[in-house]
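What follows is the residue order along each chain.
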Amino acid sequence: QVQLVESGGGLVQAGGSLRLACAASGRALSMYAMGWFRQAPGKEREFVAAISRSGGITSYADSVSGRFTISRDNANTGYLQMNSLKPEDTAVYYCAAGANPYRAAVRSSEYYYWGQGTQVTVSS
C-alpha cells in the first residue's frame with residue numbers, strides 16, 4: 001500500500017506559479033510511475049502529467065505542455081511545477097501512483113493509489 005498526500009495548492013493570480021508536492025508513505029514511491037490529474041467543478045477528472053519510475057519518460061496534456069513540469073526525487077516525493085497559470089487551470093489536483101513503472105501512463109484507470117487532492121485556484 002502507498003499513501004499519498006498532496007500539498008502546495010492555493011490561490012494565485014493568472015500568470016503566476018505554484019509548485020505541488022506529492023509525499024508518499026508506505027511503500028516507496030520510487031517503485032512506481034506517478035501522475036497528476038485534475039478535476040474542475042462539473043467536469044470529469046482529466047490527465048495533467050505523468051512520469052515513469054526512472055523519471056526518463058514524461059507525458060503532458062496538451063493544455064499544460066510547456067507550462068507545467070513533472071518531476072520526482074529519489075525518495076518519496078513527486079512534484080508538479082506549474083507556471084503561467086490560467087483561470088482554466090483552476091481545479092482540485094490529485095497525484096496518483098502505480099501503473100506500469102516503465103511508462104508515463106495517461107489513463108486514470110492505470111493508477112492504483114490516489115491522494116486526497118489539493119485545490120488550485122487561479123484568479124483572472
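The following refers to the structure shown. (Residues numbered from 1 in each chain as written. Predicted model: local features only at pLDDT ≥ 70, side-chain atom pairs only at ≥ 80, totals over all residues. Heavy atoms only, no water.)

**Quick notes on the packing of aromatic side chains**
Moving on, step 1. Considering all chains together, one arrives at 6 aromatic pairs under this definition.
Moving on, step 2. Taking 5.1 Å as the distance between ring centres and 55° as the angle between the ring planes, the aromatic pair formed by Phe37 and Trp114 counts as tilted. Residue Phe37 is located in strand E4 (residues 33-39), and its partner Trp114 is located in strand E10 (residues 111-114); the two are separated by 77 residues in the primary sequence.
Moving on, step 3. Both rings, one in Tyr111 and one in Trp114, keep their centres 6.4 Å apart while their planes meet at 70°; by these two values the pair is edge-to-face.
Moving on, step 4. Taken together, the ring pairs connect Phe37, Phe47, Tyr111 and Trp114 into an aromatic cluster. (Phe/Tyr/Trp six-rings, centres within 6.5 Å; stacked < 30°, edge-to-face > 60°. Helix = DSSP H or I, 4+ residues; strand = E, 2+ residues; numbered from the N terminus.)

**Points about the side chain of Arg72**
Moving on, step 1. Structurally, Arg72 is set in strand E7 (residues 68-72).
Moving on, step 2. Of the side chains bearing the opposite charge, Asp73 lies closest to the buried Arg72, which forms no salt bridge; the N-O distance is 6.6 Å.
Moving on, step 3. Of the polar contacts made by the side chain of Arg72, one reaches the backbone oxygen of Tyr32; its length is 2.8 Å.
Moving on, step 4. Engagement of the side chain of Arg72 in a polar contact is seen with the backbone oxygen of Ser52, the distance being 2.9 Å.
Moving on, step 5. When neighbours within four sequence positions are excluded, Arg72 is seen to be in contact with Leu29, Ser30, Tyr32, Ala33, Met34, Ile51, Ser52, Arg53, Gly55, Thr77, Gly78 and Tyr79. (Buried < 20%, exposed > 50% of the residue type's maximum accessible area, 1.4 Å probe, protein only. Lys, Arg positive; Asp, Glu negative; His and termini not counted. Salt bridge = Lys/Arg side-chain N within 4 Å of Asp/Glu carboxyl O. Polar contact = N/O pair within 3.5 Å; in protein donor to acceptor, adjacent residues only side chain to side chain. Contact = heavy atoms within 4.5 Å.)

**Thoughts on the environment of Asn83**
Moving on, step 1. Position of Asn83 among the secondary structure elements: in the loop between strand E8 (77-82) and strand E9 (91-98).
Moving on, step 2. Taking relative accessible area as the criterion, Asn83 reaches 29% and is therefore assigned partly exposed.
Moving on, step 3. The sequence separation of Asn83 and Gln13 amounts to 70 residues, and the corresponding C-alpha distance is 11 Å.
Moving on, step 4. Not counting residues up to four positions away in its chain, the partners in contact with Asn83 are Gly16, Ser17, Arg67 and Phe68.
Moving on, step 5. At 2.9 Å, the side chain of Asn83 and the side chain of Gln81 are in polar contact.

**Remarks on the side chain of Thr118**
Moving on, step 1. By secondary structure assignment, the location of Thr118 is in strand E11 (residues 118-123).
Moving on, step 2. Take Thr118: its relative accessible area is 11%, and that puts it in the buried class.

Purely geometric stuff here, so don't read any function into it on its own.
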